[in-house]
Amino acid sequence: MFYFDGLTLPPDEEAMGNADPRVPVFFSKIDLLNEWNKQYPGQEPPKTTKVLDLIETFQSLIRPGGTDKTLKNIVFVPNEQSLKTASSLRSDASIPKYSFDEMLMVAGKASEK
């Protein structure tokens, strides 16, 4: 997952419960660059692209008693194809429905044989 230091989205007090800017994290570098160019047309993006590991980020978000405040305002930004697929799944009655309102994470240690 990719992000730039300083690239933010406006607060979403209704969904996130606070007035802090949101930190967008993208699943592709191209989407990150497109958002940069949308917010800062004509400006060069930062030379350093930050990268997060998806599994480690999820684990930090769901860890009981977690204190990593940097993740508090993180927002995962899906790509256009994912949004189209989700929209078609919601509207197509012939395809089994999936719950887009919740996510279950299972973490554990692999057993050795």
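Structure first, text after, so check above.
These lines cover the structure that appears in this document, whether it is placed above or below. Note that this is a predicted model, so its numbers are computed, not measured. Note that residues are indexed from 1 along each chain, following the sequence as it is written. Confidence filtering applies because this is a predicted model: local features only for residues at pLDDT of at least 70, side-chain atom pairs given and counted only at 80 or more, and all residues used for totals across whole chains, interfaces and linings. The basis for every side-chain value is the complete set of non-hydrogen atoms in the structure, without hydrogens or water.

In this section: the environment of Asn 79. Relative to the helices and strands, Asn 79 is located in the loop between β4 (74-77) and α4 (80-91). Throughout this description, buried means an accessible area under 20% of the type-specific maximum (1.4 Å probe, protein chains only), exposed means over 50%, and partly exposed covers the range between. Owing to a relative accessible area of 26%, Asn 79 belongs among the partly exposed residues under this scheme. What qualifies as a polar contact is a pair of N or O atoms within 3.5 Å, subject to a donor-acceptor requirement within protein and to the restriction that residues adjacent in sequence count only when both atoms come from side chains. Of the polar contacts made by the side chain of Asn 79, one reaches the backbone nitrogen of Gln 81; its length is 3.3 Å. Helix numbering and strand numbering both begin at the N terminus, where a helix is a DSSP run of H or I of at least 4 residues and a strand a DSSP run of E of at least 2.

It is worth spelling out the side chain of Thr 57 at this point. Within the secondary structure, Thr 57 sits in helix α3 (residues 54-62). On the accessibility criterion, Thr 57 (5% relative accessible area) is buried. The contact definition used throughout considers only heavy atoms, calling two residues in contact when any of these lie within 4.5 Å. Those residues in contact with Thr 57, other than ones at most four positions away along the chain, are Met 1, Leu 52, Leu 71, Ile 74 and Phe 76.

On to the packing of aromatic side chains. Here a pair means two rings of Phe, Tyr or Trp (six-membered ring of Trp) with centres within 6.5 Å. Their orientation is stacked below 30 degrees between planes, edge-to-face above 60, and tilted elsewhere. A complete count under the given rule lists 4 aromatic pairs for this structure. When the centroid spacing of 5.6 Å and the interplanar angle of 80 degrees are considered together, the rings of Phe 4 and Trp 36 count as edge-to-face. In this pair, Phe 4 sits in the loop between β1 (2-3) and α1 (13-16) while Trp 36 sits in helix α2 (residues 29-39), placing the two residues 32 residues apart along the sequence. Pair check on accessibility: Phe 4 and Trp 36 agree, each one buried. Between the aromatic rings of Phe 27 and Phe 76, the centroid separation amounts to 6.2 Å while the plane-to-plane angle is 35 degrees, which identifies the pairing as tilted.

Glancing now at the pattern of salt bridges. Salt bridge, as used here, is a side-chain nitrogen of Lys or Arg placed within 4 Å of a carboxyl oxygen of Asp or Glu. Counted according to the given criterion, the structure contains 2 salt bridges. The closest approach of N and O atoms between Asp 5 and Lys 50, which form a salt bridge, is 3.2 Å. Placement of Asp 5 in the loop between β1 and α1 and of Lys 50 in strand β3 (residues 50-51) is noted, with a sequence separation of 45 residues between them. Put simply, Lys 38 and Glu 35 hold a salt bridge, and the shortest N to O gap is 3.9 Å. With Lys 38 and Glu 35 both in helix α2, this residue pair falls 3 residues apart, about one helical turn. Overall, Lys 38 belongs to the exposed group, its relative accessible area being 64%.

Let us now look at the nonpolar core. Think of a nonpolar core as a cluster: buried Ala, Val, Leu, Ile, Met, Phe, Trp, Tyr and Cys residues, connected wherever their side-chain atoms sit within 4.5 Å. Of all hydrophobic cores here, the largest spans 6 residues; its members are Phe 4, Leu 7, Phe 26, Leu 32, Trp 36 and Val 77. Those residues in contact with Phe 4, other than ones at most four positions away along the chain, are Leu 32, Leu 33, Trp 36, Pro 45, Pro 46, Thr 48 and Thr 49. Listed in part, the 5 residues of the second largest apolar core include Met 1, Tyr 3, Val 25 and Leu 71.

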